[in-house]
Structure formats: structure tokens, C-alpha cells
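Each chain, letter by letter, is given below.
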Amino acid sequence: KLTAIILVATTVALLLVSAGFVTYELVTFRHTMTHDLSTLAEIIGNQSTAALTYGDKDTAGEILGALSAKKHIVVAALYDKDGKLLASYEEHKQSADVLPVHPEFNTQRFESDALIIFHEIRLDGDRAGTIYLKSDLQEMDDRFERYAGIIALFMVASWLVTLFLSSRLQRVISRPIFHLVETAKIVSGKKNYLVRAAKEGNDEMGQLTDRFN
């Protein structure tokens, strides 16, 4: 029972610490991911000002095509200043209905399976267009799968250490109890009322031994 109590207490403590760590990582990683995608949108937007100004669809398409190096970017699009689609990029060549009909104004939001960014592109203080980026959350999912594996390893290691330590440390409590039990067996079995249990301290176990004697 002592071992079970120690294991339960250790497990609950580790779970609480792990939950706090994972929550912190989730908030931090979401912020970092949003910042990185916003920075990418700003860089592409700065490269696209000429294409947006002259309505050059080919150049805009080439700029968006470079996003193929970013494996987590699912969909991207450039809209001109009037909100009309100029060029798009789709990682898996999905149907065009995945693209928003009209761009939103400087939006950053997480959906169930993606991060959405609408970034306004400006040239000399005037609005030149909008870039739309959609990134999947696979990187975040992979990250937390690794965390789950690490936490599981730490849990197993902590159980082994706890079992090892508790098997030795609990002797401080269990040894006087076992001695008391053996003494009680001698008294009841052999009717030897001169036998006394050895007292090992002045704590609760020592008080119990005094009462027994």
C-alpha cells in the first residue's frame, strides 16, 4: 500500500508538471508559428509589389511557386488592391474552391487543422494587394508526439526509481510493523507474555510498540 501510494503521488505530480509544460509549449509554439508565417507573408508581399502593380500573373505565380520549399504551406494566393485573385499556389493541386473568394483584412487565426494568414501588402503607403497563406499544423502535431514520447519515458523511469527507493525507504515504517507482528505471533502462539517488542524510536511506531508491550 505504501508503494502504491508513493507511485500514485509521483504519477500525479509528474502529470501536473507535464501538463503545465505542454500547455506552455503549446502557447509559445502557436505564437512562434504565427510570427514566422506572418514574416513569410511580409517577405513574399514585398517581392510581389511590382507584379501586383502591373497585374503580372506569371511573375506572381513564380513568386508563390517558391513556396513549394515550405512543405507545411498548403495554399497561398495573391489578391490585387481590388480584392481580385491574381495568382495562387496549391501544394496538392486541390480545387480552386479552397481559396477565399475575397481577402480578409490582416487576419491571423487558427482553425482545426490549419493556420490562416491574410497580410495586407502596401507600396509607398498605399494598399497594393493582399497575400493569403494557409499552413497545416503537422509540425505542431509532430512536436507534441515527440513530447508525448519523452513524457512516457520519464514516467517509466520515475516509476522504476520510485519502486527502487520506496522498497528501501519504506523499511523505516514496515520493519517495526513486521517486528511487531512477529512478536505478536510469539505471544499468541507460545503464550509467552514475557516477550517484548523492540522499540526503534519515539514516533508513532514507538508509541504503538509501547502500547503493545
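Each remark here, short or long, concerns the structure printed above.
Rules used in this analysis
Residues numbered from 1 in each chain as written. Predicted model: local features only at pLDDT ≥ 70, side-chain atom pairs only at ≥ 80, totals over all residues. Heavy atoms only, no water. Patch = residues over 30% accessible without salt bridge, like charges linked within 9 Å, V, L, I, M, F, W, Y side chains within 5 Å. Areas by Shrake-Rupley, 256 points an atom, 1.4 Å probe, with all protein chains shown as cover. Salt bridge = Lys/Arg side-chain N within 4 Å of Asp/Glu carboxyl O. Helix = DSSP H or I, 4+ residues; strand = E, 2+ residues; numbered from the N terminus. Core = buried A, V, L, I, M, F, W, Y, C linked by side-chain atoms within 4.5 Å. Buried < 20%, exposed > 50% of the residue type's maximum accessible area, 1.4 Å probe, protein only. Contact = heavy atoms within 4.5 Å. Phe/Tyr/Trp six-rings, centres within 6.5 Å; stacked < 30°, edge-to-face > 60°.

Enquirer: Where do I start with a nonpolar patch on the surface in this structure?
Expert: On the surface, a cluster of nonpolar side chains totalling about 510 Å² of accessible area is made up of Leu2, Val172, Ile173, Ile177, Phe178 and Val181. In terms of residue count, helix α5 (residues 171–190) provides more of the nonpolar patch than any other element does, 5 residues in total. Turning to its location among the elements, Leu2 is positioned in helix α1 (residues 2–47).

Enquirer: Mind showing me how you'd approach the nonpolar core here?
Expert: The nonpolar side chains of a soluble globular protein tend to be buried, and buried together. By size, the foremost hydrophobic cluster in this structure holds 28 residues, and its most contacted members are Leu64, Leu67, Ile131 and Leu133. When residues of this core are traced back to their parent elements, those giving at least two are α1, α2 (49–54), α3 (57–65), β1 (73–80), β2 (85–90), β4 (114–123), β5 (126–136) and α4 (138–169). The element contributing the most residues to this core is α1, with 6 residues. In this structure Leu64 touches Ile44, Ala76, Ala77, Leu78, Ala87, Ser88, Tyr89 and Ile131, once residues within four positions along its chain are discounted. Val74, Leu99, Ile116 and Phe118 belong to the second-largest nonpolar core, a separate cluster that totals 8 residues.

Enquirer: It is not clear to me how the packing of aromatic side chains should be interpreted in this structure. Could you clarify?
Expert: Any aromatic ring pair is given by two values, namely how distant the centres are and how the planes are angled relative to each other. Tallying each qualifying case throughout the model produces 3 aromatic pairs. Considering the side-chain rings of Phe21 and Tyr147, the 5.4 Å spacing of their centres and the 70° angle between planes classify their relative orientation as edge-to-face. Of this pair, Phe21 sits in helix α1 while Tyr147 sits in helix α4, and the two are 126 residues apart along the sequence. Among the residues examined, Tyr147 registers a relative accessible area of 15% and is labelled buried. Aromatic pair Phe144 and Tyr147: ring centres 5.5 Å apart, planes at 80°, arrangement edge-to-face. Linking Phe144 with Tyr147, this pair stays in helix α4, spanning 3 residues, or about one helical turn. You'll find Phe144 and Tyr147 in the same group, each marked buried.

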